[in-house]
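# Fold and contact review
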Amino acid sequence: MASPAVLPINSQPTTDATQQIGPTPAFRSFINRISTTVQTGFANRRPWSELLDRSAFSKPESFSDATLRIRKNYSYFRINYLSLLAIVLAFSLITNPFSLFLLSGLLAAWLFLYLFRPSDPPLVLFGRQFSERETLGVLIVSTVVVIFLTSVGAVLVSALMIGLGIVCTHAAFRAPEDLFLDDQESPATGFLSFLSGGATNSVAAAVAPAVAARV
C-alpha cells in the first residue's frame, strides 16, 4: 500500500498583508505627536479657580476696554479658553449622535484611506480598484456633503459660536489687572493662534511624510 503524501509545511508568513496589520508608523507618530502637544498644553493651563475668581469681575468701561481685556485675558488663559471650546464642541456632538457618527466616519476615512494608508497596493473597495486621484476626489466630495448637506455643519458652527460667546463674555468682564502679563503676550493675536503653533506643527510633521509619498 502506498504511503499517504506528506504536505510541505511552510513556516514563512503566507502573505505580506499579515505584516501590515496594525497601525502604520506614520499613524503611530501622528498619535504620539498629538498626545505630546495636548499634554504640553495642559501643563501650561492656568488654575480654574483663578479663571472663576468672582472678585476680579467688573463691567468694562467701553468697547475698547472690553477688547483690550479680551486680548489680555486670552494671552493668559489661552489653554483654559481652548479647553472650554473643546468641551462645548464635545457636548454638542455627544448630544447629536448622528452628527458625531458622520464626523467620526469622515475623519477615519481620511486617516485610513488616504493619509496613513500605504500607496502600494492600491485601494480596493467592493471589488473595484481606486487610484490615488479617485480616492482623494471621493474623500473631498464626501467631506463637502457631510459638512454642508447634513446636520454636521450646523452643529459645528453653533457649538463654536456658543463657545466663542462664553469665552468673549468672560474675557470682557474679567479684569486682568491682577494677572502677570509681562511674559504672556503672544506674537500671534488671533484667537486660534495656539492651533497654528505646536498643534498644527505636530499634525503637519506627522502627515507630511504620508502626503509626500503620494506626490
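What you see is a predicted model, and the numbers here were worked out from it, not measured in a lab.

### Observations regarding the overall build of the protein
Each helix and strand counted, the protein has eight helices and two strands in total. Starting at the N terminus and ending at the C terminus, the protein contains elements arranged as α-α-α-α-α-β-β-α-α-α. Across the 215 residues that make up the protein, the buried fraction comes to 29%. Contacts spanning at least 24 positions in sequence make up 82% of the contacts within the protein whose residues lie at least 6 apart. With the model as given, the accessible surface of the protein reaches about 14300 Å², and the carbon-plus-sulfur share is 68%.

### What to know about the packing of aromatic side chains
Here the structure, examined in full by the defined rule, presents two aromatic pairs. Ring centres of Tyr-76 and Phe-77 lie 4.9 Å apart, and the angle between their planes is 85°; on these two criteria the pair is classed as edge-to-face. Grouping residues by exposure puts Tyr-76 and Phe-77 together as buried. Relative to Tyr-81, the ring of Phe-77 lies with its centre 6.1 Å away and its plane at 55°, an arrangement referred to as tilted. A connected cluster of aromatic rings, assembled from ring pairs, spans Tyr-76, Phe-77 and Tyr-81.

### Structural notes on the UniProt feature "transmembrane region" (unreviewed entry) in the protein
According to UniProt, the "transmembrane region" (unreviewed entry) feature falls on residues 76-94 and 136-167. Within residues 136-167, the helical portion is 94% and the strand portion 0%, while the C-alpha atoms at the span's ends are 36 Å from each other.

### Points about the side chain of Arg-69
With respect to the helices, strands and loops of the structure, Arg-69 is situated in helix H3 (residues 63-76). You can call Arg-69 buried: its relative accessible area is 7%. The contacts of Arg-69, once residues within four sequence positions are left out, are Ser-58, Lys-59, Pro-60, Ala-171, Ala-172, Phe-173, Arg-174, Ala-175 and Pro-176.

### Quick word on a nonpolar patch on the surface
A grouping of Ile-140, Val-141, Val-144, Val-145, Phe-148 and Leu-149 is seen on the molecular surface, where their side chains present a nonpolar patch of about 600 Å² in accessible area. Examined against the element boundaries, Val-144 turns out to sit in helix H6 (residues 132-148). A relative accessible area of 41% places Val-144 in the partly exposed class.

### Thoughts on the packing of H3 against helix H7 (residues 151-173)
The contact between H3 and H7 brings their axes to 7 Å, and the two run at 105°. Judged by the inter-axis angle, H3 sits roughly perpendicular to H7. Taken together, the residues of H7 that come into contact with H3 (itself represented by Ala-66, Arg-69, Ile-70 and Asn-73) are Cys-168, Ala-171, Ala-172 and Phe-173. Split into classes, the residues belonging to the contact of H3 with H7 amount to six nonpolar, one polar and one charged.

### Some words on the pattern of salt bridges
For the structure shown, the criterion picks out one salt bridge. Between Arg-69 and Asp-65 there is a salt bridge; the shortest N-O distance is 3.6 Å. Of this pair, Arg-69 and Asp-65 are both found in helix H3, four residues apart, which corresponds to roughly one turn of the helix.

### Remarks on the environment of Arg-78
Relative to the elements of secondary structure, Arg-78 occurs in helix H4 (residues 78-94). Judged by relative accessible area, Arg-78 falls into the buried class, the value being 16%. For the pair Arg-78 and Arg-45, spaced 33 residues apart in the sequence, the C-alpha separation amounts to 7.8 Å.

### A short note on the environment of Pro-176
Mapped onto the fold, Pro-176 is located in the loop between H7 and helix H8 (195-212). Considering only alpha carbons, one finds Pro-176 and Ile-70, 106 residues apart in sequence, at a separation of 9.1 Å.

### Let's talk about the confidence of the model for the protein
Atom-level detail of predicted coordinates should not be read off regions where pLDDT is low. Chain-level pLDDT for the protein is 76 on average; 66% of the residues reach the 70-or-more range. Segment residues 11-21 is flagged for pLDDT under 50; beyond a separation of four residues in sequence, or across chains, it makes two contacts in the model. Every residue in residues 183-199 is under pLDDT 50, and counting partners more than four places away or in other chains gives 31 contacts.

About the criteria used
Residues numbered from 1 in each chain as written. Predicted model: local features only at pLDDT ≥ 70, side-chain atom pairs only at ≥ 80, totals over all residues. Heavy atoms only, no water. Helix = DSSP H or I, 4+ residues; strand = E, 2+ residues; numbered from the N terminus. Buried < 20%, exposed > 50% of the residue type's maximum accessible area, 1.4 Å probe, protein only. Contact = heavy atoms within 4.5 Å. Areas by Shrake-Rupley, 256 points an atom, 1.4 Å probe, with all protein chains shown as cover. Phe/Tyr/Trp six-rings, centres within 6.5 Å; stacked < 30°, edge-to-face > 60°. UniProt positions renumbered as here; feature names shortened; annotations may be inferred. Patch = residues over 30% accessible without salt bridge, like charges linked within 9 Å, V, L, I, M, F, W, Y side chains within 5 Å. Salt bridge = Lys/Arg side-chain N within 4 Å of Asp/Glu carboxyl O. Axes fitted to C-alpha atoms, helices over the stretch in contact; angles between N-to-C directions. Parallel < 35°, antiparallel > 145°, perpendicular 65-115°, else oblique. Nonpolar A, V, L, I, M, F, W, Y, C, P; charged D, E, K, R; others polar. pLDDT = per-residue confidence, 0-100.

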